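One-letter residues, chain by chain:
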Amino acid sequence: MEKKKITIALAGNPNVGKTTLFNAITGARQHVGNWPGVTVEKKTGKRTYKDTEIEVVDLPGTYSLTAYSLDEVVARDYVVEEIPDVVVQIVDATNLERNLYLTTQLMELGSKVVIALNMWDLAESRGDKIDTRKMEDFLEIPVVKTVANRAEGIDALLEEVVREVDKGEHHEHEVSYGDDIEKKIIELEGIVGKDSALSGKYPVRWLSVKLLDGDENILEKIEGSSVATQVNSVLSTIKKDDYEAAMAEKRYETINTVLPQICVKCVNEVTFSDMIDRAVTNKYLGIPIFLAMMWAAFEVTFTVATPLMEFVDMFFGWLAGVVAQSITNPVLGSLLGDGIIAGVGSVMIFLPNILLLFLMISLLEDSGYMARAAFVMDKLMYKIGLNGGSFIPLLMGFGCNVPAIMATRTIEDEKERLVTILVNPFISCGARLPVYLMLAGAFFGRNAGTVIFGIYILGIIVAILSAKLIRGTVVKGKPSPFIMELPPYRLPTLKASAIHMWEKGSIYLKKAGTIILAGVVFVWLLSAIPAPGVDAAFASEEILGTEDSLIGVLGHIIEPLVAPLGFDWKVAVALVFGFIAKEIVIGSMGVLYGTGEDEDALAEILTAGAMTPLTALGLMVFTLLYVPCIACVGVVKKETGSWKWTLFMMVYGTALAWIAAFLIYRIGTAIGWGL
Amino acid sequence: MMPEGKEGKVVSINAGQGLKRRLVEMGFCEGSLVTVHRSERGALVVVVNGIKYALGKGLATKIMVSDC
Amino acid sequence: MANTNKMIFAMVAGILYVVFGILKMLEGFGIETGLAESLLIPGDFFGGFCFVVIGAVFLYAVKELSAGVHMGVSYVYVGILMSLVFMAVYLLVMGADLLMFYAVKSEDYEGWRIIDSMRPGIYLGLLSLIGYFYWKDRFTTEMTKV
């Protein structure tokens, strides 16, 4: 028998467990893409329930369905235009009142709704007793209790969904807006109803309500129609601001009359969350506590990653050995061994580091602490022209700038988002760490850790000053108002945080598998092709990675550009390859100095005279500041949608890097330090 | 500017269209009960309708609250 | 009064953490305090700073509780939570060391024994563990009664 096919959409406020529910319903059958024309992420998935094949669309989390933000427009347009068979609204049982606001809007849209009452276990443990029967009676919507993070209630939910689809009869629920407003609504309904194109597509009452609400998106839709002038003349008779606020209040009034009958609340007690917040948002202790938590996160990341990195290293070493033994063709062997395995290996080695950092950040986010941290840092962010919303994307930069820049999508103010994207690369990502480790380890011995820490701090300082500078000149404006919900603290589940870690970290892995792989092969090719006029075989021992290959030619061309910084042509080439991926810088130097995989040998050659502590420091600073890797540049272009700003970032960073390295070299030479 | 620990009711919101609507949608309607948990130099942590929010500098001054 | 116990605990924990924190910071700078061996204090400047912060949280609790502010217990609770977090951190570090010794067989770890990875962060955390289990839910219920 043919499977029935239906489409459902998941809607709900942010932070209600929508993603967890989505994961619980669709499992591994997910696909992530983009809503057409915008940078809002679109998640879809599939699930088979009994004899029905369900396509699940995850809508962006929104508080309502007006057109204030891109997320809301996307969610709203989907429900109105694509008309899913059922809209499942995930309602947070611990925040019924606000969640029901969205419900009223969905009801006005005339959609078939099923409510998933999530986190009802938390509500009950708080003493709230929710009568789902009464809720169903009042709303005329099926209500199913769920606990998404334990995957409870999913089957019951799907059962209701399937049942709802088959129900032919459908109520269009109405919030009564009071006599005055209702009069206007009827007037508009009469007008809009005359245009068959509009009335055929959208519920007439909903259109009227939205018009009075001042919804710009709907106004646009009306503009092209036959009734535009009439509509506008009616709208010009009312005071928009008053109507908007009044209508929102009416919705809440409706909810509030119904609420006490649905839910019996206990006395407000002081919760653990409140106690923690008292300390964590304390005027004096807030920031030190935050710093301590950050230190803890980084400490765990670096120390636990170390043995894991060794494992990755051992694996790639073994792999290289196997390849060397089994492949007889020297060219292919070199391509695979020196090129691909060495190159990709040098990137993968940092995967544990990056994944662990993202895991730490995800744990902090899932526990609810990050929201408080953003609040604590908001004051400081205000001073550089940003607000607390820019904080988490910047923090993520310490792992990898690519997902960090994608995380800026949560920032509503376009200008602030732009600035956060532009300065993000100055936050030193995990990929640059091998450069620091190698150079600091070779030249600064005992103080290596302090030097590296200094580099990280330098990055933060440059990011801060650049933000201030850009905000004061090219992207002027005042920081937008910062408001963030502080959800109750909860113990993060390892599973959920691991999923979040993977969402951020898998981007790094993809980058490695694609761009870096291609880049590394490209580097190898350049080092294997004989330079013009050199009489040697392709990929032969004599020329591989030496001056006699194309790399050498490239290097000598660039050399004059970096000579004032104290760098030679080999460093120049390595930096150029750093554009492909920062991790390759050390690998390229290994190839160029003839030490291949052996980092200790490389360290020896460098300290023996190829570089000095001064130039090593300059190189570290240069690596920190100059143009980020190609994957990052690509993401900047995608998220800003502008070549102008992408190029600005590239030029600004590289210029800053050059100047800094130049100053270090000149001043150091002048005072005789580190020579 | 309400001190910590005090409760009040929202009287009005002095903000632009979009922001005002958003605040109202989140529960800051006229008459809503507001409890201040933290208040320092413009930044607030408040509880409105059972939900806790952090309000950055500048935003807090836009919401007028009266004593209960 | 229930809060006196908590105040004493916070006082003791606060002083311990601040002192150990300062010792760790000094050792991190290379200043020998002579106690490193017996108390297993590593040279760890930033870790030491974190301990001072934890100590400060506890001492702030004492400040509020002694002034009669009941909410001061919040700081005891947070202090306990933070010390448990750091205990977990140092246990993880110990685990990493274990891996380095047994699985990776790194030469830096030749002759390593478990005791080498024992830190104040771990044994001081035990104190907090006791506090946590002793008081547990009574933190909030004792609050609402007032």
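Look up a bit, the structure's there.
What you see is a predicted model; the values in this text were computed from it and never measured. (Residues numbered from 1 in each chain as written. Chains lettered and ligands numbered in written order. Predicted model: local features only at pLDDT ≥ 70, side-chain atom pairs only at ≥ 80, totals over all residues.)

## Focus: the overall build of chain C
For chain C, the count of helices and strands is 6 helices and 0 strands. Seen in sequence order, chain C has helices and strands lined up from the N terminus as α-α-α-α-α-α. Going through the 146 residues of chain C one by one, you find that 38% of them count as buried. (Helix = DSSP H or I, 4+ residues; strand = E, 2+ residues; numbered from the N terminus. Buried ≥ 20, exposed ≤ 12 C-beta atoms within 10 Å, placed from the backbone.)

## Quick word on the sheet that holds strand β8 (residues 143-146) of chain A
Residue and element names in this part refer to chain A. Taken in spatial order, the 7 strands of this open sheet run β2-β3-β4-β1-β5-β6-β8, and their pairing is mixed. Only two strands of the sheet have a single neighbouring strand rather than two, namely β2 (30-34) and β8. Strand-to-strand twist of the sheet, defined as the mean angle between neighbouring strand axes without regard to direction, takes the value 25°. Pairing between β2 and strand β3 (residues 41-49): 5 bridges, direction antiparallel. Considered in β3, the bridge of Gly 33 is made with Lys 42. Each of β1 (4-12), β5 (86-92) and β6 (113-118) touches helix α3 (residues 96-108); the most contacted strand, β5, lies at about 165° to it. (Pairing = 2+ DSSP bridges. Axes fitted to C-alpha atoms, helices over the stretch in contact; angles between N-to-C directions. Contact = placed C-beta atoms within 7 Å.)

## Examining the packing of helix α13 (residues 272-280) of chain A against helix α4 (residues 73-104) of chain C
The N-to-C vectors of α13 of chain A and α4 of chain C enclose an angle of 85°; their axes lie 8 Å apart at closest approach. With respect to their mutual orientation, α13 of chain A and α4 of chain C come out roughly perpendicular. Of the residues in α4 of chain C, those in contact with Met 275, Ile 276, Arg 278, Ala 279 and Val 280 of chain A of α13 of chain A are Ser 74, Tyr 75, Tyr 77 and Val 78 of chain C. (Parallel < 35°, antiparallel > 145°, perpendicular 65-115°, else oblique.)

## Here we look at the interface of chain B and chain A
With 28 residues of chain B at the interface, the matching set in chain A holds 32 residues. For the side of chain B that touches chain A, the elements supplying multiple residues, two or more each, are α1 (17-25), β2 (33-40), β3 (43-48) and β4 (51-55) of chain B. A per-element tally of the side of chain B that touches chain A places α1 of chain B first, with 8 residues. In the side of chain B that touches chain A, the residues fall into 11 nonpolar, 8 polar and 9 charged. Strand direction decides the pairing type here: strand β10 (residues 483-485) of chain A and β4 of chain B, joined by 3 bridges, are antiparallel. Note on β4 of chain B: the bridge partner recorded for Ile 483 of chain A is Leu 55 of chain B. (Nonpolar A, V, L, I, M, F, W, Y, C, P; charged D, E, K, R; others polar.)

## Looking at the environment of Tyr 49 of chain A
Residues and elements named next belong to chain A. Relative to the elements of secondary structure, Tyr 49 occurs in strand β3. For the pair Tyr 49 and Ile 25, spaced 24 residues apart in sequence, the C-alpha to C-alpha distance is 9.9 Å. Leave out the neighbours within four places in its chain, and Tyr 49 touches Ile 54, Leu 158 and Val 162.

## Description of the interface of chain A and chain C
Opposite the 22 residues of chain A that make contact, chain C presents 27 residues. Among the secondary structure elements, those contributing two or more residues to the side of chain A that touches chain C are α13 and α14 (286-326) of chain A. Sort the elements by how many residues they give to the side of chain A that touches chain C and α14 of chain A lands first, with 12 residues. For the side of chain A that touches chain C, the class distribution of residues is 15 nonpolar, 3 polar and 4 charged.

## A look at the nonpolar core
Leu 10, Val 402, Leu 439 and Met 620 of chain A together with Val 57, Phe 58 and Ala 61 of chain C are the most contacted members of the largest nonpolar core, which totals 262 residues. Sort the elements by how many residues they give to this core and α4 of chain C lands first, with 14 residues. Those residues in contact with Ala 61 of chain C that lie beyond four places of it in its chain are Ala 10, Gly 72, Val 73, Tyr 75, Val 76 and Gly 79 of chain C. (Core = buried A, V, L, I, M, F, W, Y, C linked by C-beta atoms within 7 Å.)

None of this, on its own, says anything about what the molecule does.
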